[in-house]
Amino acid sequence: STRERIKAIRDLPMSFQEKKHIRLFRTNITGEFVYKIIIHLRTLVVLKSTPRDYMPWVSYSVSLQFLRRCGYSIRSIRQTLELWQGIMKEIGGKFGTSVLTYFLFLKWLLMFNIFSFLVNFGFITIPLLVYDISPNIPPNVGFGGLEILTGAVSGYFNYTAMYYGGYSNETLVDLVEYNMQLAYFFTIAIYMVLCGIALITSMANSFKTNYMLADQVSNSAWQLLCSWDFNIINERAVRQRKNNLSVQLKVNFVQYKPFQFENILFDHIGIHLGSWLLSTGMAVGCAHQQPFLCPLSLQNTTDASNWSLLQEAETLLVPFVVSSMNLVVPLFYSLFNKFEQYSSQRRQIYTLLLRNVLLKMFILGVLCYYWMKVVPQKFSCWESMVGQALYRLVIFDFFFLMLGSFFGEFLSNMIGTKFLPRLGVPEFDVARNVLELIYAQTLVWIGIYFSPLLPAIQIVKLFVLFFIKKVSLTHNCQPPRRTGRAAQMQTIFIALLFFPFFVGALSIVAYTAWRLTPSQQCGPFRGLNNTFSVVGIWIDGMEDNPGSKGAIWIYDNVIKSEIAYFLGTLIILIIIYIFWQVSQGRKHLIGRLRQLIANEGKDKSFLLEKLQNLQKSCRHKKQKQKNRNKVHFYRTIC
C-alpha cells in the first residue's frame, strides 16, 4: 500500500533530501518498482556502500521506467488515433472476425488509394498546377453540375487535370526543368510496381501465417482456453470481447457440423451441373450485351464540345446496365447456392466466389476490349473518353452499392421481421461485399492511366461506404452462419485482388503504353508512336553525357531485350520454387515437432499410469501385510 511504501522509505538510512528525492519519483512509478529499489538500497546499505554508490543506480532505474511509461503512452495514443479503431472493436465484438474482415479490407483499400492519390497528385498534378494555375477552358464551357454524374463528357472537368487530356507534353520551366512526359510515365509505372510488390508481400505473409503455420485444431483449442485478455478492466470492452469470443466459437462449431446430405456426388450432380450452366450462361450473356450497348451509347457522340443533354444521358446507359448486372446477377447466384448441397461449407463459399469472379471478369474483359479497339478509332482524344467511362462506372457502382444496402438488407430485414418471420433477419454476405470492393478497386487501377485523380473519387466512395455498411450491418443484418476461417478468407481476398484483377489491370495499362498510339491532339504523349517511346527519347538525349553510359547499356541490353525478360522470369520462378520448398520443409518440421509433443504426452500418460498402478500395488501389499500382522497378533493373543 501507499502507507507501507512511505514507511519503507522513511526507514532507509539516508539523508532527508535523498528520501525526498525518492518520494517525488514515487508518484510516477509503480509500487512494485519502488519495492525493488528499496530492497536494492537496503542491500547496498548492508554492504556499507556510500550514497554515491547507489544514487546513480536509482537515477538510471527511474529514468528507464519513465521511458518505458512514455513508450506505453505513445503506443496508446497511436492506437487511439488510428482510423476507426473503436468502430472495428465494436463490429468484431458483435458480429465476429468474419464480418470484421470486410471492414478491415475496406480500410486497407482506403489507405491504398490515399497513397495512390498522394503519389499522382504530388508528381503529376501539382507541377502542372504550379506551372499553369488556370486550365485552358473554352469560353462557352462552364460547370453545370451534371458533370459530377456524367464524368464531364463535354463539360468543365474535361479540360482540367482530372483526365489524361488535361496534361501538357511540354517541359515545365520555372525554378527547375520538369519533364511532364517522363513524370507521367514513371509515376504510373512505379505506382503499379509498388502496388504489385505490396500485394505480393501481403499475400505471402498472410499465406504463411494462416495456411503454412496455422493449425485449425490448436487454434480452436487456444481460442477456447487461452484467448481471454485479463488486462481488460473496462465493462464495455469486457462485453465486446465476450461477444466476439462467443461469435467466433459458434462459427468454429458450425464448421465442424456435417451437412445432412452426404451422397452429394451421385444424388445432386444434376443440380450442380445445372447451376453451373445457368451461372456461366448468365455471365456470358451479360458480357455479350456489352458490344451492343457500348456502340449504342456512343453512336451519336462526336469530338464537339457542345453536346446536348440527350447525348450526355446516352453515355449513362452502359454504367447503368453494368452496375445493374453486378447487383442483380449475384443475387441469383446466392439463390442457386441455396438449392445446392455441399459436403463442405467452405466449398460452398468458394463456389459463390468463383461465379462472381467470372461474372466481373467477363464484363470487364469485354469493356476493355471495346475501349482499346473501338474508342481510339472514333475519338481524337480517346484516352479522356476512356477515363470518363471509368469515372461513370465508379460513380454508378457507388450508387448501386447504396441501393444494394437498402433493397438487399433493409427491405429484407423489414420483410423478415414484420411480414414473413420465416425468412428471418438477413445475413451479411462477406464474400459478395468483398468482391464488390475488389471490382471497384480494379476500375481505379485500370483508370489510373486515363484519369490520374480517379483515386480521389475512390477515397470519398470508400469513406462513405464504410459508414453506410456499418449502419446497415448494425440495424439490418446478423452474423453469417456459413463462413470459413476469417484469416484464411482474408488471404483469399488478397489473392483475388492480385490475380486476376490487379494482373488484368496491369496488363491493360501495359498494353496501352506499349501497343496503342497516343492521341495526337491532347495529353502528355501527343506526337509519339507509343507511350513507352518517351523512355527511348530520354535515353537518346543522354548519349552526350559520359556518366550515363551505364543507364544506356541497361536500356539497350536489359529493358529492350526479350532474353532479359525470359531470364528474369526464370529467376523469379526459381526463387518462388525455393521458397515453396523451404515452406514445405518448415511445415513438415512443424508437423514432426507436433507429433513429437503428442508422443511425449503419451509417454507421460503411460508413465503416470504405471506409477499409479505401482502405487496401488504397494498399497495393496501394505494392506495385506497389515492384515497378516493383525492375524498374527490375534493368534498370539489367543
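Everything numeric here is computed off the predicted structure, so don't read it as measured data.

Now for the overall build of the protein. A count of helical and extended segments in the protein gives 23 helices and 2 strands. Taken across its 638 residues, the protein has 41% of its residues classed as buried. For the protein, long-range pairs separated by at least 24 residues make up 77% of all intrachain contacts whose partners lie at least 6 apart in sequence. When the accessible surface of the protein is split by element, carbon and sulfur atoms take 65% of a total near 36,700 Å².

Together, Lys616, Arg619, Lys622, Lys626 and Lys630 make up a positively charged patch on the protein surface. Looking at where Arg619 falls in the secondary structure, it is placed in helix H23 (residues 562-637). Here Arg619 falls in the exposed class, since its relative accessible area comes to 54%.

Turning to the nonpolar core, a few remarks are in order. In terms of nonpolar packing, the biggest core is built from 110 residues, with Tyr102, Phe105, Trp371, Leu390 and Trp445 touching the most fellow members. If we skip the residues at most four places from it in the chain, Phe105 touches Val434, Leu437, Ile438, Phe493, Ile494 and Leu497.

Our focus in this paragraph is the UniProt feature "transmembrane region" (unreviewed entry) in the protein. Mapped onto this structure's residue numbering, the UniProt feature "transmembrane region" (unreviewed entry) falls at residues 108-130, 182-204, 316-336, 348-372, 393-415, 443-468, 489-514 and 563-580. Across residues 182-204 one finds 100% helix and 0% strand; the C-alpha atoms that close the span lie 32 Å apart.

Throughout the structure, instances matching the rule amount to 5 cavities of 30 Å³ or more. If you add up the space inside the second largest cavity, you get close to 80 Å³. Looking at the second largest cavity, the residues that line it are Ser323, Asn326, Leu327, Lys360, Asp397, Phe400, Leu401, Glu436 and Tyr439. Counting only elements with at least two residues in the lining of the second largest cavity, the list comes to helix H14 (317-339), helix H17 (382-419) and helix H18 (430-447).

Judged by side-chain polarity, Ile563, Phe566, Leu567, Leu570, Ile574, Tyr577, Ile578 and Val582 come together as a nonpolar surface patch covering roughly 790 Å² of accessible area. Of note, Tyr577 is situated in helix H23. Residue classification places Tyr577 among the exposed residues on the basis of a relative accessible area of 52%.

Under the defined criterion, the tally for this structure stands at 35 aromatic pairs. Taking the centre distance of 5.5 Å and the plane angle of 40 degrees together, the rings of Trp84 and Phe463 count as tilted. In this pair, Trp84 sits in the loop between helix H4 (51-81) and helix H5 (85-95) while Phe463 sits in helix H19 (residues 454-476), placing the two residues 379 residues apart along the sequence. For Trp84, a relative accessible area of 8% translates into the label buried. Among the residues examined, Phe463 registers a relative accessible area of 39% and is labelled partly exposed. Pairing Phe115 with Tyr191 gives two aromatic rings, centres 6.3 Å apart and planes at 35 degrees, and the pair type is tilted. Of the two residues, Phe115 is situated in helix H6 (residues 97-131) and Tyr191 in helix H8 (residues 180-212); the sequence distance between them amounts to 76 residues. By relative accessible area, Tyr191 is classed as buried at 1%. An aromatic cluster of at least three residues, connected via ring pairs, comprises Trp84, Tyr102, Phe103, Phe428, Phe463, Phe466 and Phe467. The lysine or arginine in question, Arg355, covers the ring of Trp276, its NZ or CZ lying 4.5 Å from the ring centre.

Between its first and last C-alpha atoms H18 spans 26 Å; for 18 residues at 1.5 Å apiece the expected length is 26 Å, and the two agree. The buried count for H18 comes to 18 of 18 residues, which makes it a mostly enclosed element. Two or three places before Ala431, at the opening of H18, Asp429 has a side-chain oxygen 3.4 Å from that residue's backbone nitrogen.

Let's shift gears to unusual backbone geometry. Between Phe499 and Pro500 the backbone carries a cis peptide bond, its omega angle lying at 15 degrees. Here Pro500 is to be found in helix H20 (residues 486-514).

What follows concerns a negative patch on the surface. There is a patch of like negative charges on the surface, built from Asp540, Glu543, Asp544 and Asp556. Tracing the backbone shows Asp556 in helix H22 (residues 549-559). With a relative accessible area of 40%, Asp556 lands in the partly exposed category.

So, about the packing of H5 against H6. Close contact between H5 and H6 brings their axes to 7 Å; oriented N to C, the two are set at 155 degrees. In terms of axis orientation, H5 runs roughly antiparallel to H6. Together, Met88, Ile91, Gly92 and Phe95 of H5 and Thr97, Ser98, Val99, Leu100, Phe103, Leu104 and Lys107 of H6 make up the contact between the two elements. Counted by class, the contact of H5 with H6 contains 7 nonpolar, 3 polar and 1 charged residues.

Within the protein, residue pLDDT values average 77, and 72% of them lie at 70 or more. Confidence drops under pLDDT 50 across residues 27-32; counting only partners more than four residues distant or on other chains, this segment forms 8 contacts. Here residues 259-264 is a poorly scored stretch, pLDDT under 50, and it has 12 contacts once near neighbours within four places are set aside; other chains count.

When their charged atoms lie close together, side chains carrying opposite charge are able to pair. Counted under the stated rule, the structure contains 3 salt bridges. A salt bridge links Asp397 to Lys461, with the nearest nitrogen and oxygen atoms 2.6 Å apart. Of this pair, Asp397 sits in helix H17 while Lys461 sits in helix H19; the two residues are 64 residues apart in sequence, bridging distant segments of the chain. Of the residues examined, Lys461 reaches a relative accessible area of 4% and is grouped as buried. A salt bridge links Arg432 to Asp429, with the nearest nitrogen and oxygen atoms 3.7 Å apart. A network of salt bridges, in which partner residues are shared, links Asp429, Arg432 and Glu436.

About the thresholds
- Residues numbered from 1 in each chain as written.
- Predicted model: local features only at pLDDT ≥ 70, side-chain atom pairs only at ≥ 80, totals over all residues.
- Heavy atoms only, no water.
- Helix = DSSP H or I, 4+ residues; strand = E, 2+ residues; numbered from the N terminus.
- Buried < 20%, exposed > 50% of the residue type's maximum accessible area, 1.4 Å probe, protein only.
- Contact = heavy atoms within 4.5 Å.
- Areas by Shrake-Rupley, 256 points an atom, 1.4 Å probe, with all protein chains shown as cover.
- Patch = residues over 30% accessible without salt bridge, like charges linked within 9 Å, V, L, I, M, F, W, Y side chains within 5 Å.
- Salt bridge = Lys/Arg side-chain N within 4 Å of Asp/Glu carboxyl O.
- Lys, Arg positive; Asp, Glu negative; His and termini not counted.
- Charge placed at Lys NZ, Arg CZ, Asp CG, Glu CD.
- Core = buried A, V, L, I, M, F, W, Y, C linked by side-chain atoms within 4.5 Å.
- UniProt positions renumbered as here; feature names shortened; annotations may be inferred.
- 1 Å grid on protein atoms, 1.4 Å probe; cavity = no way out; pocket = protein on both sides within 12 Å on 5 of 7 lines; lining within 4 Å.
- Points joined across faces, edges and corners; volume = space filled by probe spheres on them.
- Phe/Tyr/Trp six-rings, centres within 6.5 Å; stacked < 30°, edge-to-face > 60°.
- Lys NZ or Arg CZ within 6 Å of the ring centre and 35° of its normal.
- Expected span 1.5 Å × (residues − 1).
- Polar contact = N/O pair within 3.5 Å; in protein donor to acceptor, adjacent residues only side chain to side chain.
- Axes fitted to C-alpha atoms, helices over the stretch in contact; angles between N-to-C directions.
- Parallel < 35°, antiparallel > 145°, perpendicular 65-115°, else oblique.
- Nonpolar A, V, L, I, M, F, W, Y, C, P; charged D, E, K, R; others polar.
- pLDDT = per-residue confidence, 0-100.

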